[in-house]
Amino acid sequence: MLASAGVALTAVEQGIASGTAFGATRPPGHHALAAQSMGFCFVNNVVIAARHAQTLGCARVLIVDWDVHHGNGTQALVEADPSIRFVSMHQYPWYPGTGAADERGVGNVFNVPRPGGLPRATYVRDLLAAVDAALTSWTPDLLLVSAGFDSLAGDPLGEFTLEPDDITQWTEALRERMQGRPVVGVLEGGYRLDLLAKGVSAHVRALA
Ligand SMILES: [Zn+2]
């Protein structure tokens, strides 16, 4: 689990050096709280990566989480700190139960709770709308994607309807919004291996 966090740290360094990077972190991290493991997660890789980026000069960090589950650990660890903004779209109500739209932190949390089974274009649009809200009058120095692929259609732990092409579209749209500033993907969930491979491939190709 420490090696997984180390992968996320190295991905940040690579992203700052070359513009984009992806960390194939296992176990994932976004459910992990400061002193409690949860939901297959032991160490919150993406938050540690965000803090590492800040020590390297990226004062403001945006985290976008498209895993089908709410990143409750990430939210808990950043919700009092306006230097990090957190956008999460997730199935709701669903595990872990958090992630309502009125959970706003100090105005830095942008939750997009959605039921399963919606048209895929709705998820694509609604996440980007929340990202645009987070980017209003605020410019991050680095973007971290909590890239979970259990949001793809057919995953046994989620009921979203996304296809790998949507991952490509999201990744390209996020890169466009960052205008050359670093974009770093950190792997979260994904529980059907063939879909996980397709999703990661789409994401990495769009980062490359
Ligand atoms: Zn998940």
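Bear in mind that the values here come from a model prediction, so they are computed numbers and not experimental data.

### Structural notes on the overall build of the protein
Thought 1: Broken down by element type, the protein carries 6 helices and 6 strands.
Thought 2: The order of helices and strands in the protein, counted from the N terminus, is α-β-α-β-α-β-β-α-β-α-β-α.
Thought 3: Its C-alpha atoms give the protein a radius of gyration of 15 Å, within 12% of the compact-globule value 17 Å for 208 residues.
Thought 4: Dimensions of the protein along its principal axes, counting C-alpha atoms only, are 40 × 35 × 35 Å.

### Observations regarding unusual backbone geometry
Thought 1: Of note, the amide linkage connecting Arg26 to Pro27 takes the cis form, showing an omega dihedral of 0°.
Thought 2: Inspection of the secondary structure puts Pro27 in the loop between β1 (20-23) and α2 (45-55).
Thought 3: That bond from Tyr95 to Pro96 is cis: its omega, 5°, falls within 30 degrees of zero.
Thought 4: One can find Pro96 in the loop between β3 (84-91) and β4 (109-114).
Thought 5: Although it is not a glycine, Phe40 sits at a positive phi angle of roughly 70°.
Thought 6: Here Ser137, not a glycine, exhibits a phi torsion of approximately 60°, which is positive.
Thought 7: By secondary structure assignment, the location of Ser137 is in the loop between α4 (120-134) and β5 (142-147).
Thought 8: Under the relative-accessibility criterion, Ser137 is labelled exposed at 78%.

### Describing the coordination of the zinc ion
Thought 1: Taken together, the protein ligands of the zinc ion are Asp67 (OD), Asp67 (OD), His69 (ND1) and Asp150 (OD), with distances of 2.0 to 2.7 Å.
Thought 2: Because the angles between the 4 donor atoms bound to the zinc ion fall within 53 to 154°, the donor set is best described as irregular.
Thought 3: Of note, the donors binding the zinc ion are all from one chain and are spaced D-x1-H-x80-D. The pair formed by Asp67 and His69 is uniform in burial state, with each residue classed as buried.

### What to know about the environment of Asp102
Thought 1: Its location among the elements puts Asp102 in the loop between β3 and β4.
Thought 2: Residue Asp102 is classed as exposed on the basis of its relative accessible area, which comes to 66%.
Thought 3: In this structure the C-alpha to C-alpha distance between Asp102 and Val112, which are 10 residues apart in sequence, comes to 9.8 Å.

### Regarding the side chain of Asn72
Thought 1: Tracing the chain through its elements places Asn72 in helix α3 (residues 72-78).
Thought 2: What makes Asn72 buried here is its relative accessible area of 9%.
Thought 3: For Asn72, the side chain forms a polar contact with the side chain of His31, separated by 2.7 Å.
Thought 4: Contacts of Asn72, omitting those with residues within four sequence positions, involve His30, His31, Leu33, Met38, Pro96 and Thr98.

The rules behind each value
- Residues numbered from 1 in each chain as written.
- Predicted model: local features only at pLDDT ≥ 70, side-chain atom pairs only at ≥ 80, totals over all residues.
- Heavy atoms only, no water.
- Helix = DSSP H or I, 4+ residues; strand = E, 2+ residues; numbered from the N terminus.
- Rg over C-alpha atoms; globule rule 2.2 N^0.38 Å.
- Buried < 20%, exposed > 50% of the residue type's maximum accessible area, 1.4 Å probe, protein only.
- Donors = N, O, S within 2.8 Å, 3.2 Å for Na, K, Ca; no water.
- Tetrahedral: all angles 85-135°; square planar, octahedral: opposite > 155°, others 65-115°.
- Polar contact = N/O pair within 3.5 Å; in protein donor to acceptor, adjacent residues only side chain to side chain.
- Contact = heavy atoms within 4.5 Å.

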